[in-house]
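Geometric and topological summary
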Amino acid sequence: MTAAPPREYDRRAHFTRLAALVHEPIHRYAMRRVDPADVDDVVAETLLVLWRRLDDVPAEAELPWCYNVARNCVANLRRSARRRTRLTLRLADELHVTPDRDGPAAESGQVVQAALASLPAKEREVVMLWAWEGLAPREIAVALGTSANAVSLRLSRAKRRMKSHLASHGTRQDPAGGGQEVHVSEKEAR
């Protein structure tokens, strides 16, 4: 382990030394806790925090300190995943999406996520603040520095575009069914 840095020291060299010390253990830590696709993100975020808070790292306890940071990064990643899931479910519920009868229910979530991804950035941000963060249009307006009317228009337009996207992917609203979504086969969609 390294000793406390002297008053005048090369910050970059100190970081490089600590990063070399903690990189592999933090990588193994992340591999045991998150999806392989997220491991590098956890390691990178941990190293970013290490760089930002380099002067706060206790001497002789660098690795345990970094494990704590990595643990917080994993927790943030899991919270984000739960928010994405809630967003997908809320959007599916709001848009009355019914999963394809021939595919798994997860396919419905993928279709909703694709519909969200198809939106222009400004509309997607409004939808996410509304559905994911639970903000009202007037609160979204404050967050985005725009008017509540502009937010309402974007939200309405986004919902319409998402419904259209969903309709083109095998769901449609049944006008006689009280707004319930019904499956549309590819043959019916043509």
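In short, a report on the structure. The structure presented is a predicted model; accordingly, all values stated were derived computationally and were not measured.

**A word on the overall build of the protein chain**
A count of helical and extended segments in the protein chain gives 8 helices and 2 strands. Walking the protein chain from its N terminus toward its C terminus, one meets helices and strands in the order α-α-α-α-α-α-α-β-β-α. Within the protein chain, buried positions represent 34% of all 190 residues. Within the protein chain, residue pairs in contact and separated by at least 24 positions form 61% of the contacts whose partners lie at least 6 positions apart. Put simply, the protein chain shows about 11,600 Å² of open surface, and 51% of that area lies on carbon and sulfur atoms.

**A word on the pattern of salt bridges**
Where charged atoms from two side chains of opposite charge approach closely, those side chains can pair. Summed over all chains, the structure comprises 4 salt bridges. Where Asp-55 meets Arg-11, a salt bridge forms, and the shortest distance between an N and an O atom there is 3.7 Å. One end of the pair, Asp-55, is in the loop between helix H2 (36–52) and helix H3 (62–94); the other, Arg-11, is in helix H1 (residues 11–31), with 44 residues separating them in the sequence. Taking the relative accessible area as the measure of exposure, Arg-11 reaches 27% and is therefore partly exposed. Several salt bridges converge on common partners, so that one network encompasses Glu-123, Arg-157 and Arg-161.

**Side note on the nonpolar core**
In this structure, Val-22, Ile-26, Val-42, Leu-47, Leu-50 and Trp-65 are the most contacted members of the largest nonpolar core, which totals 23 residues. Those elements giving two or more residues to this core turn out to be H1, H2 and H3. Counting residues in each nonpolar core, the second largest holds 21 residues, with Ala-92, Leu-119, Trp-132 and Leu-166 among its members.

**Re the packing of helix H6 (residues 137–144) against helix H7 (residues 148–167)**
H7 packs onto H6 with a crossing angle of 110° between their chain directions and a minimal axis gap of 8 Å. Relative to H7, H6 is oriented roughly perpendicular. The segment H6 lies against H7, with Pro-137, Arg-138, Ile-140, Ala-141 and Leu-144 engaging Ala-148, Val-151, Ser-152 and Arg-154. Residue composition of the contact of H6 with H7, by class: 6 nonpolar, 1 polar and 2 charged.

**Remarks on unusual backbone geometry**
One non-glycine residue, Glu-60, lies in the positive phi region at around 65°. Here Glu-60 is to be found in the loop between H2 and H3.

**Observations concerning the packing of aromatic side chains**
Tallied over the entire structure, the rule returns 2 aromatic pairs. The interplanar angle of 85° and the centroid separation of 5.2 Å between the aromatic rings of Phe-15 and Trp-51 together place this pair among those described as edge-to-face. Of this pair, Phe-15 sits in helix H1 while Trp-51 sits in helix H2; the two residues are 36 residues apart in sequence, bridging distant segments of the chain. Taking the relative accessible area as the measure of exposure, Phe-15 reaches 18% and is therefore buried. Note on Trp-51: relative accessible area 31%, which makes it partly exposed. Residues Tyr-29 and Tyr-67 carry aromatic rings whose centres are separated by 5.4 Å and whose planes lie at 40° to one another, so their mutual orientation is tilted. One end of the pair, Tyr-29, is in helix H1; the other, Tyr-67, is in helix H3, with 38 residues separating them in the sequence. Above the face of the Trp-51 ring, Arg-11 is positioned so that its terminal group lies 4.6 Å from the ring centre. One residue, Arg-33, lies across the ring of Tyr-29, its end atom 3.7 Å from the ring centre.

Calculation notes
- Residues numbered from 1 in each chain as written.
- Predicted model: local features only at pLDDT ≥ 70, side-chain atom pairs only at ≥ 80, totals over all residues.
- Heavy atoms only, no water.
- Helix = DSSP H or I, 4+ residues; strand = E, 2+ residues; numbered from the N terminus.
- Buried < 20%, exposed > 50% of the residue type's maximum accessible area, 1.4 Å probe, protein only.
- Contact = heavy atoms within 4.5 Å.
- Areas by Shrake-Rupley, 256 points an atom, 1.4 Å probe, with all protein chains shown as cover.
- Salt bridge = Lys/Arg side-chain N within 4 Å of Asp/Glu carboxyl O.
- Core = buried A, V, L, I, M, F, W, Y, C linked by side-chain atoms within 4.5 Å.
- Axes fitted to C-alpha atoms, helices over the stretch in contact; angles between N-to-C directions.
- Parallel < 35°, antiparallel > 145°, perpendicular 65-115°, else oblique.
- Nonpolar A, V, L, I, M, F, W, Y, C, P; charged D, E, K, R; others polar.
- Phe/Tyr/Trp six-rings, centres within 6.5 Å; stacked < 30°, edge-to-face > 60°.
- Lys NZ or Arg CZ within 6 Å of the ring centre and 35° of its normal.

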